[in-house]
Amino acid sequence: MEMKLVLCLVVSILILCNVTRVRSDASNNRYKVGDDVPLYVNKVGPFHNPSETYRYFDLPFCSSGPTKDKKEALGELLNGDRLVTAPYKLDFLNDKDSEIACKKRLTKEQVAQFREAVSKDYYFQMYYDDLPIWGFIGKVEKEGKNDPSEYKYYLFKHLHFTIFYNKDRVIEIAALSDQKNVVELTENKEVNVEFMYSVKWKETEIPYENRMEKYSHSSSLPHHLEIHWFSIINSCVTVLLLTGFLATILMRVLKNDFVKYAHDEESAEDQEETGWKYIHGDVFRYPKYKSVLAAAVGSGTQLFTLTTFIFLLALVGVFYPYNRGALFTALVVIYALTAGIAGYTAASFFCQLEGTNWVRNLLLTGGLFCGPLLLTFSFLNTVAITYSATAALPFGTIVVIFLIWALVTTPLLVLGGIAGKNSKAEFQAPCRTTKYPREIPLLPWYRKTLPQMAMAGFLPFSAIYIELYYIFASVWGHRIYTIYSILFIVFIILLIVTAFITVALTYFQLAAEDHEWWWRSFLCGGSTGLFIYGYCLYYYFARSDMSGFMQTSFFFGYMACVCYGFFLMLGSIGFRASLFFVRHIYRSIKCE
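Labelled according to an unreviewed UniProt entry, the protein appears under the name Transmembrane 9 superfamily member, originating from Populus alba x Populus x berolinensis. Per UniProt, the comment on the protein under Sequence similarities (unreviewed entry) is "Belongs to the nonaspanin (TM9SF) (TC 9.A.2) family."

Asker: How should the packing of aromatic side chains be read in this particular structure?
Answerer: Note on aromatic pairs: each is described by the distance of the centres and the angle between the planes. This model, assessed by the stated rule, comprises 51 aromatic pairs. Aromatic side chains Tyr507 and Phe508 sit 5.6 Å apart centroid to centroid with 65° between the ring planes, which places their arrangement in the edge-to-face category. On the basis of relative accessibility, which here comes to 3%, the residue Tyr507 falls in the buried class. By relative accessible area, Phe508 is classed as partly exposed at 37%. The lysine or arginine in question, Arg576, covers the ring of Phe349, its NZ or CZ lying 5.9 Å from the ring centre. In this structure, Arg583 is placed above the aromatic ring of Phe427, and the distance from its NZ or CZ to the ring centre is 4.6 Å.

Asker: Could you clarify how one ought to interpret the sheet that holds strand S10 (residues 169–177) in this entry?
Answerer: Sheet strands associate in pairs through backbone hydrogen bonding, adopting either a parallel or an antiparallel arrangement. Pairing is mixed in the open sheet, where four strands are placed in the order S4-S12-S9-S10. Here the strands that pair on one side only, and so sit at the sheet edges, are strand S4 (96–106) and S10. Direction aside, the axes of adjacent strands within the sheet are offset by 20° on average. Where strand S9 (residues 158–166) lies against S10, eight bridges are found, and the strand directions are antiparallel. Following the sheet pairing, Ile163 is matched in S10 by Ile173. Sheet strands touched by helix H3 (residues 108–119): S4 and strand S12 (191–203). Its angle to S4, the strand with the most contacts, is close to 120°.

Asker: Explain the environment of Leu106 to me, please; I cannot follow it from the model alone.
Answerer: Looking at the element boundaries, Leu106 is found in strand S4. Overall, Leu106 belongs to the buried group, its relative accessible area being 0%. In this structure the C-alpha to C-alpha distance between Leu106 and Val193, which are 87 residues apart in sequence, comes to 7.3 Å. When residues no more than four places from it in sequence are discounted, the contact partners of Leu106 are Pro60, Val111, Phe114, Leu155, Glu190, Val191 and Val193.

Asker: Would you explain the confidence of the model for the protein in this entry?
Answerer: If pLDDT is low for a region, its predicted coordinates should not be looked at in detail. Confidence along the protein averages 86 in pLDDT terms, with 89% of residues attaining 70 or more. Model confidence for the protein, summarised as mean pLDDT per element, is weakest for helix H1 (residues 2–26) at 44 and strongest for strand S2 (residues 54–55) at 96. Segment residues 19–27: pLDDT under 50, and eight contacts once partners within four positions in sequence are set aside and those in other chains are kept.

Asker: Looking at this structure, how should I read the state of the cysteines?
Answerer: Working definition: the covalent bond between the sulfur atoms of two cysteines is a disulfide. Overall, the coordinates contain one disulfide when judged by the stated rule. Bridging Cys62 to Cys102, the disulfide has an S-S length of 1.8 Å. In this structure the cystine formed by Cys62 and Cys102 twists about its S-S bond by roughly 75°; its chirality is therefore right-handed. Highlighted residues: Cys62 in the loop between S2 and helix H2 (74–78) and Cys102 in strand S4, separated in sequence by 40 residues. For the pair shown, Cys62 and Cys102 are each scored as buried.

Asker: In this structure, what is going on with the pattern of salt bridges? I would like to understand it.
Answerer: Should their charged atoms come close, side chains of opposite charge can pair. A full pass over the atoms with the stated rule returns 15 salt bridges. One salt bridge in this structure joins Lys89 and Asp36, with 3.9 Å as the shortest N-O distance. Of the two residues, Lys89 is situated in the loop between strand S3 (84–85) and S4 and Asp36 in the loop between H1 and strand S1 (39–46); the sequence distance between them amounts to 53 residues. Between Lys200 and Asp95 there is a salt bridge whose closest N-O contact spans 3.9 Å. A residue pair is termed long-range when its members are at least 10 positions apart, and Lys200 in strand S12 and Asp95 in the loop between S3 and S4 qualify at 105 residues.

The rules we used
- Residues numbered from 1 in each chain as written.
- Predicted model: local features only at pLDDT ≥ 70, side-chain atom pairs only at ≥ 80, totals over all residues.
- Heavy atoms only, no water.
- UniProt positions renumbered as here; feature names shortened; annotations may be inferred.
- Phe/Tyr/Trp six-rings, centres within 6.5 Å; stacked < 30°, edge-to-face > 60°.
- Buried < 20%, exposed > 50% of the residue type's maximum accessible area, 1.4 Å probe, protein only.
- Lys NZ or Arg CZ within 6 Å of the ring centre and 35° of its normal.
- Pairing = 2+ DSSP bridges.
- Helix = DSSP H or I, 4+ residues; strand = E, 2+ residues; numbered from the N terminus.
- Axes fitted to C-alpha atoms, helices over the stretch in contact; angles between N-to-C directions.
- Contact = heavy atoms within 4.5 Å.
- pLDDT = per-residue confidence, 0-100.
- Disulfide = S-S within 2.5 Å.
- Salt bridge = Lys/Arg side-chain N within 4 Å of Asp/Glu carboxyl O.

Written out as structure tokens, the structure reads:
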């Protein structure tokens, strides 16, 4: 417990110090008239494929001079940001009208490249004083034309910047493309392009500290927010009522069992035992593959700790909109620092189950989640390199992540494992285990593992189904997610429902005299992750316009890792709840 508290404090201090540094740097953005305010172009890509992004100058845009890359932090690189100095010069409080940024003669190949980008709805992203700007690079004219060969393709060549300021600080910026000032790209022929821009400065009373609220408000308009809250409350009430109904039934059944068993003990000592009391000599028999189970519980506990810290940081306002890379940085740092929790939990539990090769168990714990994640990343990074996309991590970034894993994650995992092995904790079993296991009676099909997993995963999934759409629209779309309070409530309900439904199914399994509940409780608890992956299939084909090999592989590859993480985390929650429940009911009866 002390180790967990120390790790929690270290994580909090590191993250909060990083956030303070970022915000203090931003607070120094004060300018005088004529000062050069930094404007960076970031990336371009198909609007419907959020993972498929490329460097801005991968398209044949021209530049007013030599470009310079902005140094990016780890989280920004993981986010796919690649900032480069822009061809536009937006000096503080200097209005400009139809200023020429640069000129370029496009070859036939470059015209075809732009035309293909326009046909795929390519957008661009820029950052001006750390404020995001978006826009489309061109348009397709389809009106009155049924044959795609008759479509007209146009490239926007004039950008209108409207910038709001408060005294000596930039507050807001908007960029609009001039729909009339275009270059036609329909035919494969060379064309001269003059990229132009206009700048208009306007004063505003919005304080600098509130300049990011615009993006938060755009994601949570009052009308949408009311619908969001209503749908979540409606879902939660329904699930909680159903959970309460099942809990009431379970408590009544348990009460009757306790009365019955107490009566049996008083009336006839030689009376044959039935139900879950009948298997008291087998219910605490250690499961098969206990090393894998201990590693899964350890990994799931670490992921639960990681998720809890991410929620805490979100609730205190660390992940405000377009704080580039903050989430990815937090995920990497916290996951590395919580490795000790996985090692301690897995080794301690494995030794309680009388396991001997704790070193192998520790290696299994370290690779249970990181292994599939590494394989997935290796494949997807290769795909991104093939596409020359910004999602491909530079070699230096891969080295940094490897060093974090080698110098932080692995040592903490080992130290946690040693502490867990030396904890000398014993497995608390209220009943003695018999020498030979009882034979499990033949059970109907609906009491088998897969049907039980389907029943166990459906109820928790129904509690988070509505919220999943908003999360997917944010992660795999261009919406901003800022209502972390709702998400936290849904997460708490998910944990409660998962724990309860797993306990209920464990009871019904024991009542049917099936004593192999260990793995069943873990699989039933984690089955919600399989439902979430099923929702991924629905979202991709029915709710999104994503397409192409790269976007498809990124979506299903990384979502498989996320759902696998949910499987481990919720599986450990379900197993812990079932273990507590089984211990409780067998302590409440007299076992011979």
